[in-house]
Amino acid sequence: MKMIAVVYQSKYGATRKYAEWIAEELSCDLFEGKDIKADNLEPYDTIILGGGLYAGGVNGIKILTKNFSKFSGKNLVLFTCGLADPSDPVNTDNIKKSLNKVLTEEMQDKIKLFHLRGAMDYSKLSPVHRAMMSFACKIIEKKDQSSLTDEDKGMLASYGKNVDFIDKETILPLINYIRDL
Ligand SMILES: Cc1cc2nc3c(=O)[nH]c(=O)nc-3n(C[C@H](O)[C@H](O)[C@H](O)COP(=O)(O)O)c2cc1C
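Treat the numbers as computed from the prediction; the structure is a model and nothing was measured.

(A) Inspection of the environment of Ala55 at higher detail. Within the secondary structure, Ala55 is located in the loop between β3 (46-54) and β4 (57-58). The spacing of Ala55 and Met133 is 78 residues in sequence and 9.3 Å in space, taken between C-alpha atoms.

Here it is, written out as structure tokens:
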């Protein structure tokens, strides 16, 4: 019997919800990233790491990048959770470009990626995150409006609002990938 662990890092709950659904579906162990050390993952054959996207970075990805050598021989899956629509290849390309900065080529070859869509309730954002969103939107507003990407438009549309794109069905490709391993 293969041992699977889901490890997640979530600021406002979207990634946690997906991680809980994935762990439930696969009947496997679930850990919050801040509560676990890489050595605790030694017994697992498959590690599924999930983190929210923040300015292109994946929250909690360090457990994977800092301990990559400890995870050799394991199946590694990374799922991101962000507002940008992952059915648009422009958005997934942007996420990949950001990941290129933190994942070596070897890591990218080894880690199977999935992108899930999250949520954002502006009223619940921390002051720092509100300021970051405000700054990002001001930059977008200053751009030539005819050149805006769908991601830019999505950012402006969600500014100050409560948006929720969380969808349980979207975990299925990841679940099927794990089941086929
Ligand atoms: C400051 C800030 C930056 C963000 N940057 C991105 C981003 O680069 N790409 C994206 O798709 N979503 C971005 N988001 C949206 C979050 O990824 C989204 O709210 C996600 O559901 C958060 O997951 P969590 O609650 O599990 O941490 C950002 C949100 C905030 C507040």
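(B) The arrangement of the site of the ligand in detail. The local shell around the ligand holds 22 residues, among which Ser10, Thr15, Leu53, Tyr54 and Ala119 are the closest. Between an oxygen atom of the ligand and a side-chain N or O atom of Ser10, the distance comes to 2.6 Å. Take Lys11: an N or O atom from its main chain is 2.8 Å from an oxygen atom of the ligand. For the ligand, whose accessible area on its own is 640 Å², the fraction buried by protein is 94%. Breaking the shell around the ligand down by element, the ones donating at least two residues are α1 (14-26), β3, β5 (75-82), β7 (119-121) and α5 (127-142).

(C) Broad picture of helix α3 (residues 89-100). Spanning twelve residues, α3 covers 16 Å between terminal C-alpha atoms, matching the ideal 16 Å at 1.5 Å per step. Those residues of α3 not exposed but buried are Asn91, Thr92, Ile95, Ser98 and Leu99. The buried residues of α3 occupy an angular sector of 120° when projected down its axis, which confines them to one face. Residues of α3 that are exposed and point more than 90 degrees away from the buried face comprise Pro89 and Lys97. If you follow the buried residues of α3, they end up packed against β3, β4, β5, α4 (105-110), β6 (111-117) and α6 (150-158).

(D) Inspection of the packing of aromatic side chains at higher detail. Within this structure, the stated rule accounts for four aromatic pairs. Ring centres 5.8 Å apart and planes at 75° place the aromatic pair Tyr18 and Trp21 in the edge-to-face group. Here Trp21 and Tyr18 lie together in helix α1, a separation of three residues that amounts to about one turn. Here the aromatic rings of Phe31 and Tyr44 are separated by 5.9 Å at their centres, their planes lie at 80°, and the arrangement is edge-to-face.

(E) View of the domain arrangement of the chain. Under the domain assignment, the chain is made up of domain 1 (4-118 + 165-180) and domain 2 (121-163). With ten residues of domain 1 in contact, the opposing surface of domain 2 contributes nine residues. Buried area between domain 1 and domain 2, both sides added, is near 710 Å², and the carbon and sulfur share of it is 63%. Considering only the side of domain 1, the residues that lose the most area to domain 2 are Tyr12, Leu83 and Phe165, jointly responsible for 50% of the buried surface there. Applying the counting criterion to the domain 1 and domain 2 interface returns zero salt bridges.

(F) Quick peek at the pairing of β3. Most of β3 is tucked away, with seven of its nine residues classed as buried. Two elements, strand β1 (residues 4-9) and β3, share six bridges in a ladder whose sense is parallel. Pairing of Val7 across the sheet is with Leu49, part of β3. Examined bridge by bridge, β3 and β5 share seven bridges and lie parallel to one another. If you follow Gly50 over to β5, its bridge partner there is Phe79. Bridge analysis of β3 against β4 gives two bridges, and the strand direction is antiparallel. Each residue of the ladder has a partner; that of Leu53, found in β4, is Val58.

(G) Main features of the pattern of salt bridges. For the coordinates displayed, the defined rule picks out six salt bridges. A salt bridge links Asp121 to Lys124; the shortest N-O distance between them is 3.4 Å. Lys124 sits in the exposed class, given a relative accessible area of 61%. Of the charged contacts, one joins Lys143 and Asp152 as a salt bridge, the two residues approaching to 3.0 Å between their closest N and O atoms. Accessibility expressed as a relative area gives 35% for Lys143, which makes it partly exposed. A single salt-bridge network, built from bridges that share partners, covers Glu32, Lys34 and Asp35.

About the criteria used
- Residues numbered from 1 in each chain as written.
- Predicted model: local features only at pLDDT ≥ 70, side-chain atom pairs only at ≥ 80, totals over all residues.
- Heavy atoms only, no water.
- Helix = DSSP H or I, 4+ residues; strand = E, 2+ residues; numbered from the N terminus.
- Near = heavy atom within 4 Å.
- Polar contact = N/O pair within 3.5 Å; in protein donor to acceptor, adjacent residues only side chain to side chain.
- Areas by Shrake-Rupley, 256 points an atom, 1.4 Å probe, with all protein chains shown as cover.
- Expected span 1.5 Å × (residues − 1).
- Buried < 20%, exposed > 50% of the residue type's maximum accessible area, 1.4 Å probe, protein only.
- Arc of directions from axis to C-beta.
- Contact = heavy atoms within 4.5 Å.
- Phe/Tyr/Trp six-rings, centres within 6.5 Å; stacked < 30°, edge-to-face > 60°.
- Domains from an automatic or database assignment.
- Buried area = accessible area lost by both parts, 1.4 Å probe.
- Salt bridge = Lys/Arg side-chain N within 4 Å of Asp/Glu carboxyl O.
- Pairing = 2+ DSSP bridges.

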